[in-house]
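Chain by chain, the residues:
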Amino acid sequence: MATKQSVTTREGDRIAIVAGLRTPFAKMATYFHGVPAVDLGKMVVNELLVRHGVDPTWVDQVVYGQVVQMPEAPNIAREIVLGTGMSVHTDAYSVSRACATSFQSTVNIAESMMAGTIQAGIAGGADSTSVSPIGVSKKLARALVDLQKTKTMGQKWAVLKKLGLKDLLPVPPAVAEYSTGLSMGDTAEQMAKTHQISRQEQDKLAHRSHSLAAESWEAGKLSDEVMTAYAEPFKGALERDNNIRYDSQLEGYAKLRPAFDKKHGSVTAANATPLTDGASAVLMMTEKRAKELGYTPLGYIKSYAFSAIDVWEDMLMGPSYATPIALDRAGMSLNDLTLIEMHEAFAAQTLANIKMFASDKFAKEKLGRDKATGEIDMDKFNVMGSSIAYGHPFAATGTRMITQMLNELQRRGGGSGLLTACAAGGLGAAMIVETE
Ligand SMILES: CC(=O)SCCNC(=O)CCNC(=O)[C@H](O)C(C)(C)COP(=O)(O)OP(=O)(O)OC[C@H]1O[C@@H](n2cnc3c(N)ncnc32)[C@H](O)[C@@H]1OP(=O)(O)O
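Below is a summary of the structure that appears in this document. (Residues numbered from 1 in each chain as written. Predicted model: local features only at pLDDT ≥ 70, side-chain atom pairs only at ≥ 80, totals over all residues. Heavy atoms only, no water.)

**Some remarks on the environment of Met-227**
And then number 1: Considering the arrangement of structural elements, one finds Met-227 in the loop between helix H7 (199-218) and helix H8 (250-254).
And then number 2: On the basis of relative accessible area, Met-227 is assigned to the buried category, the value being 4%.
And then number 3: On a C-alpha basis, the gap between Met-227 and Leu-238 in space is 8.8 Å, while along the polypeptide they are 11 residues apart.
And then number 4: Discounting chain neighbours no more than four positions away, the residues touching Met-227 are Leu-21, Arg-22, Thr-23, Pro-24, Met-43, Val-44, Glu-47, Arg-51 and Leu-238. (Helix = DSSP H or I, 4+ residues; strand = E, 2+ residues; numbered from the N terminus. Buried < 20%, exposed > 50% of the residue type's maximum accessible area, 1.4 Å probe, protein only. Contact = heavy atoms within 4.5 Å.)

**Things to note about the pairing of strand E5 (residues 120-127)**
And then number 1: Taken across its 8 residues, E5 has 8 buried, putting it largely inside the fold.
And then number 2: Neither face of E5 is open: one carries Ala-120, Ile-122, Gly-124 and Ala-126, the other Gly-121, Ala-123, Gly-125 and Asp-127, and all of them are buried.
And then number 3: As paired elements, E5 and strand E6 (residues 276-286) share 8 bridges and run antiparallel to each other. Its bridge partner lying in E6, Ala-126 is registered against Ala-279. (Pairing = 2+ DSSP bridges.)

**Focus on unusual backbone geometry**
And then number 1: Residue Pro-233 follows Glu-232 across a cis peptide bond; omega there is 5°.
And then number 2: With respect to the helices and strands, the residue Pro-233 is situated in the loop between H7 and H8.
And then number 3: In the Ramachandran plot, Gln-196 falls in the positive-phi region, its phi being about 50° despite a non-glycine side chain.

Pasting the structure below:
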């Protein structure tokens, strides 16, 4: 059992999420085609500052992340400071924790406040799958280096003649685990098999996610936390996430062919998150600083935890490992929570984690605990849908979830919410937030 955590400053002030904002999320190569993540990050942070009347000099630090990094802008956080009219003296650094990146940036800002080094900051993340660092083959990369050392035409020819036509082809980044080579979709297939998650169950969860996300948009629940985006060539604006199916029909899901294990698989384009472009950010302050400046925070961080497991099998189980630690640290049990959002990387991964939350056997064998974390009450679970519907611009998902959760808790009259995500590298994140 993890010891209780006190997420406060040394003076006992809580760590407040004052406000949050995101761009609409767009499927790869659609509205944000050609817009790099750094520009998406600038867009959202700029709007966050303006909407909430933030004098940029109040922001002591920006911590931001991007999973698929662009070599020309390795410190996206600093580019956001320089590109949004913030004081050039604002400290900024970037973090990466795969799909849990903006949980990490939020925690970094929180920990700086807990240490007493800052009083206000901005955390978030952005990713673009449309503008990604297209590389060259290893053989071509080596040849290009060798060429720089050659002096005569003969030496140059000796290097070039070793290259075949296929060595000249561009190499796009893979959504795959570096050390195993397995794609995230392959891992979702593993999890469906290990935990006996049927295709029908996966499709049902995906349909639920789309239906709830569509209802949330139609009910106006997202309009304050999602900005309208204008991107080149400025042919109209993007007002809503463009992956959500407003006419989601379960029958349509069954027709799709598996996307990864094409012969025996069950993971399809409909029950997986799409490749997505987008950005999100939260404005954070110590409770004292927020009150001094006249802000009413959306809520506070109560606890958080990160976990790590092996990457060869079922590595997207992070929520099942990180959640019990975050609950212990908050001094809570699953039943105490008002709401839960689990990032849906894939329906198979989400359903496997739901099962393992409730499994005493898993708790004993994998977590070294006496009993299960608990049975998830589906009336509290992903009540506005999750990443299968909204999409998943990797680094932006954490702060999307934090803002959405706190706004929904506010609408329901308050309470506490668990946010949890799996991430590549076998990592997991869990955070408990609460309203006043
Ligand atoms: C920790 C983590 O988060 S790990 C997760 C990291 N993320 C990933 O790994 C991304 C996983 N997703 C992917 O790689 C891609 O989205 C894929 C491979 C699954 C699918 O890619 P694509 O084939 O390009 O998807 P696309 O959007 O074109 O959809 C394929 C078809 O399914 C259809 N479809 C998609 N969703 C639905 C749905 N909900 N209902 C009915 N049909 C649907 C589309 O309309 C399309 O039909 P069409 O071919 O007739 O036009």
